[in-house]
Amino acid sequence: MSNDKTLTKRRGFLKASLAVGTGVSGALTSNSASAQSNTFLEIDPWTKTQGATFVNPPYGLPSKYEKEVVRRLPNPAPIFLTASRTPIQNLHGIITPNGLHFERHHAGVPDINPDQHRLVVHGLVDRPMIFSMENIMRFPSESKIYFMECSGNSAAELKRSANNTAQQIHGLISCCEWTGVRVSTLLQECGIKPQATWVLAEGADGAAMTRSIPLSKMLDDAILAYAQNGEMLRAEQGYPLRLFLPSYEGNMSIKWLRRLKLGTEPWQTREETSAYTDLRENGKALQFTFKMEVKSVITQPSGMMKLKSKGFYEISGIAWSGNGKIRRVEVSTDAGKTWQEAMLQEPVMDKSLVRFRYPWVWDGAPAVLMSRAVDTSGDVQPTMEALIKTKSANTFYHNNAIQPWQVAANGEVTNGR
Ligand SMILES: Nc1nc2c(c(=O)[nH]1)N[C@H]1C(S)=C(S)[C@@H](COP(=O)(O)O)O[C@H]1N2
Ligand SMILES: [Mo]
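First, a word on what this report is: a plain description of the structure on this page. Given the structure is predicted, the values throughout are model-derived calculations rather than measurements.

1. Observations regarding the overall build of the chain
The secondary structure content of the chain amounts to eight helices and 23 strands. The buried share of the chain, taken over its 417 residues, is 48%. In the chain, the proportion of contacts linking residues at least 24 apart, taken out of those at least 6 apart, comes to 73%. For the chain, the exposed surface amounts to about 20,100 Å²; the carbon and sulfur share of it is 55%.

Laid out in structure tokens, this is it:
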């Protein structure tokens with residue numbers, strides 16, 4: 001179904017809710033009623049005086065009424081506090097504000113003075129080099145909007161242990177405009193030896209996080225990023241320099257990047273042997289499953305929210321795929337029996353989050369809401385049952401299954417079965 005048709009359908013929905021006097025039209029009626037009794041036009045105290053000037057510190061903060069919109073730990077909280085999650089259910093559009101970008105670090109956040117930071121490029125290159133931040137920032141740059149997802153995102157939902165928010169289940173996903181230098185630009189400066197096929201990337205944190213990356217990916221779209229959403233990286237995102245590998249599992253986008261080494265095969269580091277592998281039924285583990293697969297999640301309404309009354313709701317959420325663009329998102333309000341096409345917010349970009357919207361009139365009966373994304377490669381987001389069947393019951397990383405949200409008759413929304 002085209003977006004035009006979806007629009008026509010949406011108008012139909014609004015008409016329907018007007019006819020029964022609920023939802024949006026209900027809200028509009030109550031406003032005009034107060035206008036008639038003249039209370040609506042009364043002048044509020046904050047309109048009668050001069051407002052405060054520069055109440056915020058020079059670097060501004062969100063409104064004090066938004067203080068609940070923060071990064072949070074998963075529920076139940078783990079023993080080691082190693083990740084905080086993005087409040088996806090409170091965000092609009094596709095961009096994650098810098099203060100809300102999820103964090104995942106294996107040995108805390110190092111304090112690095114950019115004047116002292118160095119990036120070493122060595123191994124199978126013609127000219128091994130050491131770059132300062134000043135050197136790196138003199139190269140031609142680019143800015144691109146990309147999602148990043150931890151491959152452990154949504155893992156807890158494979159067991160469905162607790163009633164949780166979208167943030168606690170799926171909050172290891174963010175999307176920013178990343179600015180930096182193409183890795184290919186820097187590697188060309190050093191000269192790539194013809195035998196080179198793999199690159200080792202190492203971080204300067206206490207974990208010295210290290211991963212092997214195919215040279216072809218490094219020469220394709222990899223960025224040495226120093227800025228996110230218009231400002232220099234946040235310390236927790238890898239200040240002053242991180243590797244950014246669009247569409248690959250977040251783990252490979254090495255933060256606090258200090259070293260690139262070119263070689264002929266993967267180095268079999270800790271993070272590609274003991275972790276970040278996909279255990280199959282036969283006890284063998286798949287290595288190097290780099291790409292994050294096609295996925296979507298409804299963020300409004302979602303877990304632990306409550307629908308206050310019957311009537312119109314805009315179902316809205318985010319979709320993404322490591323294969324490229326999202327082609328279509330379908331929404332079901334009857335537990336997957338029937339599916340309708342959602343509207344995709346333009347621009348629909350490669351390896352970026354996409355916002356989808358679908359108009360819904362809730363009749364007050366229990367309902368199950370689901371979204372299913374399809375990407376331009378033709379991949380379709382699987383159900384949890386299908387995912388476990390094709391992958392394994394041992395699956396932990398790379399859970400891209402459909403998330404059902406149950407709406408109870410009292411309006412409570414849960415992920416629980
Ligand atoms: N040096 C270093 N890089 C790292 C990590 C780390 O612990 N140390 N964590 C990785 C993991 S598992 C993920 S999911 C992403 C998270 O990036 P973020 O904290 O900016 O969201 O960084 C990756 N890069
Ligand atoms: Mo991760």
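From this point, things continue past the structure.
2. Considerations on the site of ligand 1
Around ligand 1, the structure places 21 residues, and the nearest of them are F102, H106, D205, R242 and K255. At 2.7 Å from a nitrogen atom of ligand 1 is found a side-chain nitrogen or oxygen belonging to D205. One of the side-chain nitrogen or oxygen atoms of Q237 is found 3.0 Å away from an oxygen atom of ligand 1. Calculation on ligand 1 without its partners gives an accessible area of 530 Å², and the protein chains cover 100% of this total. Split by residue class, the shell around ligand 1 holds seven nonpolar, eight polar and six charged.

3. Some points on the packing of aromatic side chains
Going through the model one piece at a time under the given rule, you end up with ten aromatic pairs. Judged by centre distance (5.5 Å) and plane angle (50°), the rings of W198 and F288 are tilted. With a gap of 90 residues between them, W198 in strand β7 (residues 198–203) and F288 in the loop between β14 (285–286) and β15 (295–300) connect regions that are remote in the sequence. Ring pairs connect the aromatic residues W198, Y248, F288 and F290, which therefore count as one cluster.

4. As for the nonpolar core
Core analysis: the biggest nonpolar cluster contains 35 residues, and I326, V329, L353, F356, W360, W405 and V407 have the highest contact counts within it. Breaking this core down by element, the ones donating at least two residues are α5 (166–170), β6 (173–182), β15, β16 (311–320), β17 (326–332), β20 (354–362), β21 (367–375) and β22 (405–407). Three or more residues apiece are contributed to this core by two domains, here domain 1 (83–286) and domain 2 (295–415). In this structure V407 touches L307, W360, W362, P366, A367, L369, E412 and V413, once residues within four positions along its chain are discounted. Of all hydrophobic cores here, the second largest spans 34 residues; its members include V183, A201, L215 and L262.

5. Here we look at the pattern of salt bridges
This structure, assessed with the given rule, holds 19 salt bridges. Residues K351 and D221 are paired through a salt bridge, measuring 2.8 Å at the closest nitrogen-oxygen approach. With K351 in the loop between β19 (343–344) and β20 and D221 in the loop between α7 (215–220) and β9 (223–228), this pair connects stretches of sequence that are 130 residues apart. Comparing K351 with D221 shows no difference in burial state: the two are buried.

6. Looking at the sheet that holds strand β18 (residues 340–341)
Sheet architecture is open: five strands sit in the order β18-β17-β21-β22-β23, paired in antiparallel fashion. The open sheet has two edge strands, β18 and β23 (413–414), and neither has a second partner. Inspection of the sheet shows β21 paired to β22 by three bridges, in the antiparallel sense. Residue L369 lies in a different strand from β22, and its bridge partner there is W405.

7. Remarks on the sheet that holds strand β4 (residues 129–132)
If you walk across this open sheet you meet the five strands as β4-β3-β12-β7-β8, and the pairing is mixed. The outermost strands of the open sheet, each flanked by one partner alone, are β4 and β8 (210–214). Going from strand to strand, the sheet's axes swing by 20° on average, the running direction of each strand aside. Of the pairings in the sheet, the one linking strand β3 (residues 118–123) to strand β12 (residues 257–263) comprises four bridges and is parallel in character.

8. Here we look at the side chain of R85
In this structure, R85 sits in the loop between β1 (83–84) and β2 (103–104). Of the polar contacts made by the side chain of R85, one reaches the backbone oxygen of Q168; its length is 2.7 Å. Look past the residues within four positions of R85 in its chain and what remains in contact with it is V70, R71, R72, L73, P74, F102, Q167, Q168, I169, G171 and L172.

9. Points about the environment of F396
In this fold, F396 is placed in the loop between α8 (384–390) and β22. For the pair F396 and L279, spaced 117 residues apart in sequence, the C-alpha separation works out to 7.9 Å. Apart from residues lying up to four places away in sequence, F396 is in contact with S151, G152, A155 and L158.

10. A few points about helix α6 (residues 183–190)
Buried within α6 are the following residues: V183, S184, L186, L187 and C190. End-on, the buried residues of α6 take up no more than an arc of 160°, which puts them together on one face.

11. Here's the deal with the pairing of β15
Among the six residues of β15, five are classified as buried, and the element is accordingly described as predominantly covered. Two elements, β15 and β16, share five bridges in a ladder whose sense is antiparallel. Across the sheet, K295 pairs through a bridge with W320, a residue of β16.

Analysis parameters
- Residues numbered from 1 in each chain as written.
- Chains lettered and ligands numbered in written order.
- Predicted model: local features only at pLDDT ≥ 70, side-chain atom pairs only at ≥ 80, totals over all residues.
- Heavy atoms only, no water.
- Helix = DSSP H or I, 4+ residues; strand = E, 2+ residues; numbered from the N terminus.
- Buried < 20%, exposed > 50% of the residue type's maximum accessible area, 1.4 Å probe, protein only.
- Contact = heavy atoms within 4.5 Å.
- Areas by Shrake-Rupley, 256 points an atom, 1.4 Å probe, with all protein chains shown as cover.
- Near = heavy atom within 4 Å.
- Polar contact = N/O pair within 3.5 Å; in protein donor to acceptor, adjacent residues only side chain to side chain.
- Nonpolar A, V, L, I, M, F, W, Y, C, P; charged D, E, K, R; others polar.
- Phe/Tyr/Trp six-rings, centres within 6.5 Å; stacked < 30°, edge-to-face > 60°.
- Core = buried A, V, L, I, M, F, W, Y, C linked by side-chain atoms within 4.5 Å.
- Domains from an automatic or database assignment.
- Salt bridge = Lys/Arg side-chain N within 4 Å of Asp/Glu carboxyl O.
- Pairing = 2+ DSSP bridges.
- Axes fitted to C-alpha atoms, helices over the stretch in contact; angles between N-to-C directions.
- Arc of directions from axis to C-beta.

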